[in-house]
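Commentary on secondary and tertiary structure
Spelled out, the chains give:
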Amino acid sequence: MDSRLPAHLEINGLIRAVQAAGGFATVIAKGERDAGTILIVTMDRQGHQRLFERMPQLDGSRKFVASRDQDENNPLEFNEYLERRKRQDSDIWVLELDIADAERFIVNIGTV
C-alpha cells in the first residue's frame, strides 16, 4: 500500500498553510487528482523564480528540492521549461507560492 498522500490533498494543504501565514498560493496547472507529479514555483521580492520538484533520495524518501532557478539573463526560459514539462506530462500539478521564505512550507512535505 502506498503511504503517499493524494496529490490534491498535498496541494490543498499547502495552499491553506500559505494562506494562513498571510501569503498567496495558486494552482497554475491542475494534474491527476491522486498521483500527479507536483512542481512548486516560488518567487522572491525581486521577482526571481525557483522551481521545486520531488526527487528520490538515497534513503528512499522523496523530498522536494530546488531543481531550477530563473536565469536573470533569460527570464523567459523558466516559463518555457514549465510549459515543456506540462506538455510532457499531462498529470502534472504546478503550484505557485507568493510568500516570504516560501521554502519553509516546502521542506517538510512529501517525506516518506
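Use the structure listed above.
Reference entry: report on the structure contained in this document.

Looking at the overall build of the protein
The helix and strand inventory of the protein stands at three helices and five strands. Counting helices and strands in the order they occur from the N terminus, the protein gives α-β-β-β-β-α-β-α. The C-alpha atoms of the protein give 14 Å as radius of gyration, which agrees with the globular expectation for 112 residues (13 Å, within 12%). Burial statistics for the protein: of 112 residues in total, 34% are counted as buried. Counting only contacts in the protein whose residues sit at least 6 apart along the sequence, the fraction spanning at least 24 positions is 64%. A total of about 7,000 Å² of accessible surface is found on the protein, and carbon and sulfur atoms cover 47% of it. Distance from the positive charge centre (15 side chains) to the negative charge centre (19 side chains) of the protein: 4 Å.

Comments concerning the nonpolar core
Taken as a class, soluble globular proteins show a tendency for nonpolar side chains to be buried jointly. Counting residues in hydrophobic clusters, the biggest one holds 17 residues, and the most contacted among them are Leu14, Val18, Ile38, Ile40, Leu95 and Leu97. Listing elements by their share of this core, those giving two or more residues are helix 1 (7-20), strand 2 (38-43), strand 5 (93-98) and helix 3 (103-106). Here this core takes five residues from helix 1, the largest share from any one element. With residues near it in sequence (within four places) discarded, Leu14 still touches Ile40, Leu95, Leu97, Phe105 and Ile109. Counting residues in hydrophobic clusters, the runner-up holds nine residues, among them Ala29, Leu39, Tyr81 and Ile92.

Some points on the layout of surface pockets
By volume, the largest pocket is sized at about 200 Å³. In terms of lining residues, the largest pocket is bounded by 13 residues, among which Met43, Asp44, Arg45, Ile99 and Asp101 are the most central. Classifying every residue of the lining of the largest pocket gives four nonpolar, three polar and six charged.

Brief notes about the side chain of Gln70
Assignment of secondary structure puts Gln70 in the loop between strand 4 (62-69) and helix 2 (76-88). Residue Gln70 is classed as buried on the basis of its relative accessible area of 14%. With residues up to four places along the chain from it excluded, the contact list for Gln70 reads Gly47, His48, Gln49, Pro75 and Phe78.

Remarks on the sheet that holds strand 1 (residues 24-29)
Taken together, the five strands give an open sheet; going across it, the order is 1-5-2-3-4, and neighbouring strands pair in mixed fashion. Looking at strand neighbours, the two that pair on one side only are strand 1 and strand 4, the edges of this open sheet. Adjacent strand axes in the sheet meet at a mean angle of 30 degrees when their direction is disregarded. Sheet analysis places strand 2 next to strand 3 (residues 49-56), joined by five bridges and oriented antiparallel. Bridge pairing in strand 3 places Val41 opposite Leu51. The sheet contacts of helix 1 involve strand 1, strand 2, strand 3 and strand 5, and relative to strand 5 the element is tilted by about 10 degrees. Set on the sheet, helix 2 makes contact with strand 1, strand 2, strand 3, strand 4 and strand 5; between it and strand 3 the angle comes to about 35 degrees.

Scoring rules and cut-offs
- Residues numbered from 1 in each chain as written.
- Predicted model: local features only at pLDDT ≥ 70, side-chain atom pairs only at ≥ 80, totals over all residues.
- Heavy atoms only, no water.
- Helix = DSSP H or I, 4+ residues; strand = E, 2+ residues; numbered from the N terminus.
- Rg over C-alpha atoms; globule rule 2.2 N^0.38 Å.
- Buried < 20%, exposed > 50% of the residue type's maximum accessible area, 1.4 Å probe, protein only.
- Contact = heavy atoms within 4.5 Å.
- Areas by Shrake-Rupley, 256 points an atom, 1.4 Å probe, with all protein chains shown as cover.
- Lys, Arg positive; Asp, Glu negative; His and termini not counted.
- Charge placed at Lys NZ, Arg CZ, Asp CG, Glu CD.
- Core = buried A, V, L, I, M, F, W, Y, C linked by side-chain atoms within 4.5 Å.
- 1 Å grid on protein atoms, 1.4 Å probe; cavity = no way out; pocket = protein on both sides within 12 Å on 5 of 7 lines; lining within 4 Å.
- Points joined across faces, edges and corners; volume = space filled by probe spheres on them.
- Nonpolar A, V, L, I, M, F, W, Y, C, P; charged D, E, K, R; others polar.
- Pairing = 2+ DSSP bridges.
- Axes fitted to C-alpha atoms, helices over the stretch in contact; angles between N-to-C directions.

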